[in-house]
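Fold and contact review
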Amino acid sequence: MPTAPLLSIGIIFKNEARCIERCLQSLEPLRSAVCCELVMADTGSSDASRQIAERYADEVFDFEWVDDFAAARNAVMDRCHGKWYFSIDCNEWLDADILELTAFIRGRNQANFAFVSIRNYFSAELESGGSYSDFYTARILRMSTGQRFHNAIHETWTVCEPFEWLTRTILHHDGYFFQDPQARKNKEKRNMTLLRKRLAENPEDLAILVQCVESGGNDEKFMEYIRRAVKIVKERKSPQLTLGAGLLCHAVGAALARELPELEEWLALAQTMFPHSMFTLVDINHMVFMHAYQEKKWEKPSAAAKDIGKGSKN
């Protein structure tokens, strides 16, 4: 019998001819280093993506699009046999330094999830000196947990301990820079259509409201989503309150940009409810400090800006 792979790599794609080969080529060192399988779902390509995918993948299959990203990703997982599952997008590519990642996959560890760094580029230089920002997200799952993706958009697993942070494992991502402006608008429209449908069915769901905030910066109801979500957090009406710190980070950013009267209230809420969150200690404080600096409001700095040094010592 064939040996089951240590790692299954799953990808969904549609019309990604611009970047799909770069992504798949970047996975070749990993596939050579550990026993891997690569399974890909084509959700309706009309360009050369399918032909490129078939040159690299162990399996490429058609998935009829049903307005549900989790359903597509779960269909890929259903065809995988690895001990671990690694989820990647076509506009990402794996960094050449895979030592940490291969050690994790081969090692005897207790983790059920692993977080990797996503490096979002904002200029054409990319790895040769382009501007970027990093964030961590769970992309690796122990298959024996039985976890499934959920959410029709911003699909994710329900991450719980034990997990590990792979701090040197980077997925580079250029989708924000190279995406055609009209394509970006179309994507936001598609995302918001899906989210509004889900929100109509679950109007008090904090996770959906947060997703509306994250995806709907140009939506006419953007501030309504923020205020509804803040109210739920403030009144502690949701079992998903861990999302509150990130939501308040968006709220404070919107209040600063729009000079809203709720700014001090939302700052105080973040500091009271989530005093040790990195969103409060780093992101919110940085936004407030930079806003005061740009506005040259030296005589009346925000209390949040004053707390930067104090918070970093906690």
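Remember, it's a predicted structure, so these values are computed and weren't measured experimentally.

Right, let's get into the packing of helix α9 (residues 222-234) against helix α10 (residues 244-258). With their axes 10 Å apart at the nearest point, α9 and α10 run at an angle of 135° to one another. By the angle between their axes, α9 is oblique relative to α10. As for how α9 packs across α10, the hand of that crossing is left-handed. Residue-level inspection shows F222, M223, I226, A229, V230 and V233 of α9 in contact with α10, the latter providing G244, L247, L248, H250, A251, A254 and R258. Per-class residue counts for the contact of α9 with α10 are 10 nonpolar, two polar and one charged.

Okay, the packing of aromatic side chains next. Here the distance between the centres and the angle between the planes together describe a pair of aromatic rings. Taken as a whole and judged by the stated rule, the model has 12 aromatic pairs. Taken together, a centroid distance of 5.8 Å and an interplanar angle of 65° make the contact between Y121 and Y132 edge-to-face. Highlighted residues: Y121 in strand β6 (residues 113-121) and Y132 in strand β7 (residues 132-142), separated in sequence by 11 residues. A residue is classified by how much of its surface remains accessible, and Y121, at 2% relative accessible area, is buried. On the accessibility criterion, Y132 (42% relative accessible area) is partly exposed. Members of the aromatic cluster, joined through ring pairs, are Y85, F113, F149 and W157. Directly above the ring of F61 sits R79, whose terminal nitrogen or CZ lies 3.8 Å from the centroid.

Of all hydrophobic cores here, the largest spans 55 residues; its most connected members are V76, I226, V230, L247, V252 and W266. Contributing elements (two or more residues each) for this core: β2 (36-42), α4 (69-77), α7 (181-201), α8 (206-215), α9, α10, α11 (263-273) and α12 (278-295). In terms of residue count, α10 provides more of this core than any other element does, nine residues in total. If you look at the next biggest cluster of nonpolar residues, it comprises 35 residues, including C19, L24, L27 and V60.

We now examine unusual backbone geometry. Cis geometry marks the peptide bond from E161 to P162; its omega dihedral reads 5°. Summarising the element assignment, P162 is placed in the loop between β7 and β8 (163-173). Positive phi values are uncommon outside glycine, yet D67 reaches one of about 55°. Residue placement: D67 occurs in the loop between β3 (59-62) and α4. The residue N151 is not glycine, and still its phi comes out positive at about 85°. In this structure, N151 sits in the loop between β7 and β8.

The α-helix winds at 3.6 residues per turn, so residues separated by three or four positions along the chain end up facing the same way. Among the 10 residues of α8, nine are classified as buried, and the element is accordingly described as predominantly covered. Every buried residue belonging to α8 is among L206, A207, I208, L209, V210, Q211, C212, V213 and S215, and all of these are buried. In this structure D205 caps α8, since a side-chain oxygen of it lies 2.9 Å from the backbone nitrogen of A207.

What follows deals with the pattern of salt bridges. Tallying each qualifying case throughout the model produces 20 salt bridges. For R55, the salt bridge is made with E21, and the minimal N-O distance between the two is 2.9 Å. In this pair, R55 is assigned in helix α3 (residues 49-56) and E21 in helix α1 (residues 20-26), connecting sequence segments 34 residues apart. A relative accessible area of 54% means that R55 is categorised as exposed. K231 is the salt-bridge partner of E235, the closest N and O atoms lying 3.1 Å from each other. Bridged by salt links that share partners, the residues D42, R50, E54 and D62 form one connected network.

Counting all residues, the mean pLDDT for the protein chain is 87, and 90% of those residues have values of 70 or more. Contacts from residues 300-305, a stretch scored under 50 in pLDDT, to residues over four places away or in other chains number 12 contacts. Low confidence marks residues 307-314, where pLDDT is under 50. Its contacts with residues over four positions away, or in another chain, come to six contacts.

By the bridge criterion, three bridges tie strand β4 (residues 84-87) to β7 in an arrangement that is antiparallel. Across the sheet, F86 pairs through a bridge with I140, a residue of β7. Note that β6 and β7 share nine bridges and pair antiparallel. For V116, the partnering residue across the bridge sits in β7 and is T137.

About the criteria used
Residues numbered from 1 in each chain as written. Predicted model: local features only at pLDDT ≥ 70, side-chain atom pairs only at ≥ 80, totals over all residues. Heavy atoms only, no water. Axes fitted to C-alpha atoms, helices over the stretch in contact; angles between N-to-C directions. Helix = DSSP H or I, 4+ residues; strand = E, 2+ residues; numbered from the N terminus. Parallel < 35°, antiparallel > 145°, perpendicular 65-115°, else oblique. Left-handed = near helix turned anticlockwise from the far one by under 90°. Contact = heavy atoms within 4.5 Å. Nonpolar A, V, L, I, M, F, W, Y, C, P; charged D, E, K, R; others polar. Phe/Tyr/Trp six-rings, centres within 6.5 Å; stacked < 30°, edge-to-face > 60°. Buried < 20%, exposed > 50% of the residue type's maximum accessible area, 1.4 Å probe, protein only. Lys NZ or Arg CZ within 6 Å of the ring centre and 35° of its normal. Core = buried A, V, L, I, M, F, W, Y, C linked by side-chain atoms within 4.5 Å. Polar contact = N/O pair within 3.5 Å; in protein donor to acceptor, adjacent residues only side chain to side chain. Salt bridge = Lys/Arg side-chain N within 4 Å of Asp/Glu carboxyl O. pLDDT = per-residue confidence, 0-100. Pairing = 2+ DSSP bridges.

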